[in-house]
Amino acid sequence: MSQTVAGARVLITGAAMGMGRLYAERCVTEGAKTVILWDRDGAALAATTAILTERSRGRTQVVPYVVDIADLGAIAQTAQRVRTEIGDPDVVINNAGIVRGKYFWEHDNGADTRPTMQINALAPMYIAREFLPAMIASGYRESRIVNIASAAGTLSNPRMSVYVASKAALIGWSDSLRLELVQQGHGHVKVTTVCPSYIDTGMFEGARGPLLTPLMTPEYVVDRVWRAMLCGKPQLLLPWTVSLSKVLRGVLPLAAWDAVAGRVFGVYRSMDRWVGRG
């Protein structure tokens with residue numbers, strides 16, 4: 001799998017539009033055996049499925065499932081359908097996510113905090129748990145789990161408190177899972193944790209990239225993630241300033257880091273004009 005997903009079964013969440021759809025297009029281009037699309041938007045999912053099916057010219061089976069992964073029970077039910085109707089996937093891309101750009105006390109527990117944690121943090125764990133045993137049991141078949149986290153999960157940021165919490169949880173779990181697989185000798189199953197800064201999608205419309213950190217195009221990020229996934233790279237930080245911020249935060253006293261992040265790089269004001277979709 002270091003070169004292509006040809007012949008593999010690939011499951012993508014949040015696949016009806018945006019970056020999820022771009023991942024699906026890459027699957028079709030490379031001749032994946034099956035592309036399994038999960039999304040809660042039935043109409044958009046049907047449209048994407050039709051386009052991908054026509055583009056594949058019969059080489060790739062495109063199978064949609066309407067599922068809201070905020071409903072953790074629905075994950076188990078839909079995963080069982082996938083196993084029965086298609087078989088276990090070789091690649092799982094946990095792409096779906098939501099964001100709320102407001103102060104913590106403005107969050108509603110039911111409408112904001114709970115779904116953010118369910119979709120961004122718990123759902124990837126539930127989904128991986130459904131399909132990981134078969135990946136491990138194969139003993140030889142190259143398998144991949146890709147978890148799309150965020151640079152926000154590596155540092156604090158006003159107006160993103162719950163989102164930051166959800167992505168920090170995802171990063172901690174994802175990389176721990178990677179180590180567990182290595183420790184237990186399951187080297188054929190590789191986990192890639194992706195931590196991008198702001199991407200130019202509707203999700204982050206109005207957000208301003210910090211100093212030296214322009215908004216990245218979805219196409220650029222998908223290409224980098226794809227290459228990292230194929231070669232089994234443990235972690236992908238985008239752009240390079242994300243790595244720099246991790247180093248600075250680790251070595252500077254908190255007050256000094258706050259000054260650098262807030263006044264110099266502008267991180268703490270980056271969500272002031274956010275008007276994106278949740």
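See the structure shown above.
Residues numbered from 1 in each chain as written. Predicted model: local features only at pLDDT ≥ 70, side-chain atom pairs only at ≥ 80, totals over all residues. Heavy atoms only, no water.

Colleague: Please clarify how the overall build of the protein should be interpreted in this entry.
Modeller: Each helix and strand in the protein was counted, giving eight helices and seven strands. In terms of overall dimensions, the protein is globule-like: its C-alpha atoms have a radius of gyration of 18 Å, near the 19 Å expected for 278 residues. Taken along the three principal axes of its C-alpha coordinates, the protein extends 55 × 40 × 30 Å. Within the protein, the fraction of its 278 residues that count as buried is 52%. Intrachain contacts of the protein at a sequence separation of at least 6 include 72% that bridge at least 24 residues. Of the roughly 12,300 Å² of accessible surface on the protein, a fraction of 55% belongs to carbon and sulfur atoms. For the protein, the distance from the average site of its 30 positive side-chain charges to the average site of its 23 negative ones is 4 Å. (Helix = DSSP H or I, 4+ residues; strand = E, 2+ residues; numbered from the N terminus. Rg over C-alpha atoms; globule rule 2.2 N^0.38 Å. Buried < 20%, exposed > 50% of the residue type's maximum accessible area, 1.4 Å probe, protein only. Contact = heavy atoms within 4.5 Å. Areas by Shrake-Rupley, 256 points an atom, 1.4 Å probe, with all protein chains shown as cover. Lys, Arg positive; Asp, Glu negative; His and termini not counted. Charge placed at Lys NZ, Arg CZ, Asp CG, Glu CD.)

Colleague: For this particular structure, what's the right way to read the packing of aromatic side chains?
Modeller: For any two aromatic rings, the description comes down to two numbers: the centre-to-centre distance and the angle of the planes. In the structure shown here, the tally under the stated rule is five aromatic pairs. Ring centres 6.4 Å apart and planes at 20° place the aromatic pair Y23 and W226 in the stacked group. Placement of the pair is Y23 in helix α1 (residues 18-29) and W226 in helix α6 (residues 218-231), with a sequence separation of 203 residues. For the pair shown, Y23 and W226 are each scored as buried. Consider the rings of Y163 and F204, whose centres lie 5.9 Å apart with planes at 75°: the pair is edge-to-face. Of this pair, Y163 sits in helix α5 (residues 161-183) while F204 sits in the loop between β6 (189-196) and α6; the two residues are 41 residues apart in sequence, bridging distant segments of the chain. (Phe/Tyr/Trp six-rings, centres within 6.5 Å; stacked < 30°, edge-to-face > 60°.)

Colleague: How should the packing of helix α4 (residues 109-138) against α5 be read in this particular structure?
Modeller: When two helices pack together, their arrangement is captured by the angle between the axes and the distance separating the axes. Their axes nearest at 8 Å, the elements α4 and α5 cross at an angle of 15°. Relative to α5, the element α4 lies roughly parallel. Where α4 crosses over α5, the handedness of that crossing is right-handed. Across the interface between the two elements, T113, T116, M117, N120, A121, P124, M125, A128, L132 and I136 from α4 touch V162, Y163, A165, S166, K167, A169, L170, W173, L177 and L181 from α5. Split by residue class, the contact of α4 with α5 holds 15 nonpolar, four polar and one charged. (Axes fitted to C-alpha atoms, helices over the stretch in contact; angles between N-to-C directions. Parallel < 35°, antiparallel > 145°, perpendicular 65-115°, else oblique. Left-handed = near helix turned anticlockwise from the far one by under 90°. Nonpolar A, V, L, I, M, F, W, Y, C, P; charged D, E, K, R; others polar.)

Colleague: Any chance you could explain the side chain of S138 here in plain terms?
Modeller: You can see S138 is positioned in helix α4. A distance of 3.4 Å separates a polar atom in the side chain of S138 from the backbone nitrogen of R141. (Polar contact = N/O pair within 3.5 Å; in protein donor to acceptor, adjacent residues only side chain to side chain.)

Colleague: Looking at this structure, I do not really get unusual backbone geometry. What am I missing?
Modeller: Among all residues save glycine, negative phi is the norm, and among peptide bonds the norm is trans. Residue P239 is reached from L238 by a cis peptide bond, and omega for that bond is -15°. Tracing the backbone shows P239 in the loop between β7 (235-238) and α7 (240-251). The backbone of R57 shows a phi angle near 55°, a positive value even though the residue is not glycine. A relative accessible area of 72% places R57 in the exposed class. Despite not being glycine, R159 has its phi angle at roughly 70°, a positive value. Mapped onto the elements, R159 comes out in the loop between β5 (143-148) and α5. In this structure R159 comes out as partly exposed when scored by relative accessible area, which is 22%.

Colleague: Looking at this model, I keep getting lost on the pairing of β7. Mind explaining?
Modeller: Where a strand is regular, its side chains alternate between the two sheet faces. Relative to β7, β6 runs parallel, the two being bridged by four bridges. Within the sheet, the bridge partner assigned to T193 lies in β7 and is Q235. Viewed along the sheet, the connection from β6 through α6 into β7 turns out left-handed. (Pairing = 2+ DSSP bridges. Right-handed = clockwise from strand over helix to strand, strands pointing away.)

Colleague: How should the pattern of salt bridges be read in this particular structure?
Modeller: Two side chains of opposite charge can pair, provided their charged atoms sit close to one another. Following the criterion strictly, the structure yields 14 salt bridges and no others. In this structure, E25 and R55 form a salt bridge, with 3.6 Å as the shortest nitrogen-oxygen distance. Note that E25 is positioned in helix α1 and R55 in helix α2 (residues 42-56), a separation of 30 residues in sequence. Looking at R55, the relative accessible area reads 40%, which means it is partly exposed. Residues joined in a network through salt bridges with shared partners are R21, E25 and R55. (Salt bridge = Lys/Arg side-chain N within 4 Å of Asp/Glu carboxyl O.)

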